[in-house]
Amino acid sequence: MKSLPGLLARVAIGLLLLLYAAISLYPFLWMVSAAFKDRFEVAAGGGLIPHRPTLDTLVETWNELHFFDYFLNSLKVTVLTVLLVLAIYSAAGYAFSVLNFPGRKALYRLFMALLFVPGVTVLLPVVLLENKLGLLGTHWGLILPFVNGSAPLSILMMTNAFDAIPGELREAARVDGAGELRIFATIYLPLSRPVLVTIAVLTAIPTWNEYLLTRVSLNDPDAFTLPIALQNLQSGAVQHYNVLMAGALIVVIPVIILFVAAQRYFVNGLMGAVKA
């Protein structure tokens, strides 16, 4: 039987966590609520539950502001970034974990040191380099920096995940005549699926939501992504907060769907990435 002080401590911790969850969720719930209200009800305040719920604001925001075009641009940038990150850094993790080559430890430490470099500090050099390469203002001018910025964490997670795989599997495959590429593709990648999914989620969410580099880099409205479209909703003289919240909800829904779909892999992936 549990002691009374221990039980009270657990209850207190539970109540504090519930309070923290309520405070954290309130802005999101207000955003969802406002997206289903007209501008008069939003201006009047009130509770979270709309008195006259309507889909008109969401439909008008999606149609009149061409959100579908921005959605496709964001989807293109995000998907290509995730695919390149998984392809490049899974191979890099395999090399750091399994292969022996000169300067392996020094190069790995260099990548880990980049974890502590804020991305904003390299914004100007990136923009200048893209301008010289002719990438400024294109989607590739977003994708390549995003891929590069994902290197330290992705390499760390993939290397640790591959370190946890028994070396005997690789040796047995080599005895059967398999080369490194086949071993990598048929043994190491399938066994590291939760970590791959976790890296995909951790890459997709900040890429989808990225605003600073996108705002600096893109100047063609046809290339704009959803965060810029959301910012453009605030450019009018009169702010309609129901429209702003409808736009924000449209932006955040794909992220929520992605996280919910990958949730069962996410925790396992994080655990597998930090075991070594």
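Given the structure is predicted, the values throughout are model-derived calculations rather than measurements. (Residues numbered from 1 in each chain as written. Predicted model: local features only at pLDDT ≥ 70, side-chain atom pairs only at ≥ 80, totals over all residues. Heavy atoms only, no water.)

1. Considerations on the overall build of the protein chain
Thought 1: Scanning the protein chain from N- to C-terminus turns up 14 helices and zero strands.
Thought 2: Its C-alpha atoms give the protein chain a radius of gyration of 23 Å, more than 25% over the compact-globule value 19 Å for 276 residues.
Thought 3: Counting 17 positive and 15 negative side-chain charges, the protein chain places the averaged centre of each group 12 Å from the other. (Helix = DSSP H or I, 4+ residues; strand = E, 2+ residues; numbered from the N terminus. Rg over C-alpha atoms; globule rule 2.2 N^0.38 Å. Lys, Arg positive; Asp, Glu negative; His and termini not counted. Charge placed at Lys NZ, Arg CZ, Asp CG, Glu CD.)

2. Some thoughts on the side chain of S97
Thought 1: Structurally, S97 is set in helix α4 (residues 67–98).
Thought 2: There is a polar contact of 2.5 Å between the side chain of S97 and the side chain of D163.
Thought 3: Dropping the residues within four chain positions of it, S97 is found in contact with R104, T159, F162 and D163. (Polar contact = N/O pair within 3.5 Å; in protein donor to acceptor, adjacent residues only side chain to side chain. Contact = heavy atoms within 4.5 Å.)

3. Some words on helix α6 (residues 123–133)
Thought 1: Those residues of α6 not exposed but buried are L123, V127 and E130. Seen end-on, α6 carries its buried residues on one side only, within an arc spanning 65°. Residues of α6 that are exposed and angled more than 90 degrees away from the buried face: L124, L129, K132 and L133.
Thought 2: Of the surrounding elements, those touching the buried residues of α6 are α7 (140–149) and α12 (212–217).
Thought 3: Positive phi appears at G134, one or two residues downstream of α6, with a value of about 75°. (Buried < 20%, exposed > 50% of the residue type's maximum accessible area, 1.4 Å probe, protein only. Arc of directions from axis to C-beta.)

4. Points about the packing of helix α8 (residues 151–163) against helix α11 (residues 193–209)
Pairs of packed helices are described in terms of their axes, by the angle between the two and the distance that separates them.
Thought 1: α11 packs onto α8 with a crossing angle of 170° between their chain directions and a minimal axis gap of 10 Å. Between α8 and α11, the angle is such that the two are roughly antiparallel. Residues L153, S154, M157, M158 and A161 of α8 form the contact with α11, whose participating residues are V195, L196, T198, I199 and L202.
Thought 2: Here the contact of α8 with α11 is built from residues that sort into eight nonpolar, two polar and no charged. (Axes fitted to C-alpha atoms, helices over the stretch in contact; angles between N-to-C directions. Parallel < 35°, antiparallel > 145°, perpendicular 65-115°, else oblique. Nonpolar A, V, L, I, M, F, W, Y, C, P; charged D, E, K, R; others polar.)

5. Some words on the UniProt feature "transmembrane region" (unreviewed entry) in the protein chain
Thought 1: Under the local residue numbering, the UniProt record ascribes the feature "transmembrane region" (unreviewed entry) to residues 7–29, 77–99, 106–128, 140–162, 183–205 and 243–262.
Thought 2: Split by type, residues 140–162 is 96% helix and 0% strand. Its first and last C-alpha atoms lie 30 Å apart.
Thought 3: Secondary structure within residues 243–262 divides into 100% helix and 0% strand; the distance between the first and last C-alpha atoms comes to 30 Å. (UniProt positions renumbered as here; feature names shortened; annotations may be inferred.)

6. Digging into the environment of E130
Thought 1: Structurally, E130 is set in helix α6.
Thought 2: E130 sits twelve residues away from L142 along the chain, and the two C-alpha atoms are 9.4 Å apart.
Thought 3: If we ignore the near neighbours within four places in the chain, the residues touching E130 are L135, L136, G141, L142, P145 and S217.

7. Focus: the nonpolar core
Thought 1: The biggest cluster of nonpolar side chains holds 56 residues, and the ones touching the most others in it are F67, Y89, Y94, I155, F162, I183 and Y188.
Thought 2: When residues of this core are assigned to their parent elements, the largest contribution, nine residues, is made by α4. (Core = buried A, V, L, I, M, F, W, Y, C linked by side-chain atoms within 4.5 Å.)

8. Re the side chain of S90
Thought 1: Assignment of secondary structure puts S90 in helix α4.
Thought 2: In terms of polar contacts, S90 uses its side chain to reach the backbone carbonyl oxygen of L86, at 2.4 Å.
Thought 3: In this view, S90 contacts V85, M158, F162, F184, L189 and L196; residues no more than four positions away in its chain are not counted.

9. Some thoughts on the packing of aromatic side chains
Thought 1: Applying the stated criterion across every chain yields a total of eleven aromatic pairs.
Thought 2: One aromatic cluster is present, formed by W62, F68, F71 and W208 through successive ring pairs.
Thought 3: Stacked on the ring of F224, the Lys or Arg R215 has its end atom at 5.5 Å from the ring centre. (Phe/Tyr/Trp six-rings, centres within 6.5 Å; stacked < 30°, edge-to-face > 60°. Lys NZ or Arg CZ within 6 Å of the ring centre and 35° of its normal.)

10. Structural notes on the pattern of salt bridges
Thought 1: Scanning the model with the defined rule gives three salt bridges in all.
Thought 2: Where R170 meets E180, a salt bridge forms, and the shortest distance between an N and an O atom there is 2.5 Å. One end of the pair, R170, is in helix α9 (residues 167–175); the other, E180, is in helix α10 (residues 180–191), with ten residues separating them in the sequence.
Thought 3: Given a relative accessible area of 14%, R170 falls into the buried group. (Salt bridge = Lys/Arg side-chain N within 4 Å of Asp/Glu carboxyl O.)

11. Focus on a nonpolar patch on the surface
Thought 1: Residues L25, Y26, F28, L29, L48, I49, I256, F259 and V260 make up a contiguous nonpolar surface patch of about 800 Å² in total accessible area.
Thought 2: Elements supplying a minimum of two residues to the nonpolar patch: α1 (4–35) and α14 (241–274).
Thought 3: Judged by relative accessible area, L48 falls into the partly exposed class, the value being 31%. (Patch = residues over 30% accessible without salt bridge, like charges linked within 9 Å, V, L, I, M, F, W, Y side chains within 5 Å. Areas by Shrake-Rupley, 256 points an atom, 1.4 Å probe, with all protein chains shown as cover.)

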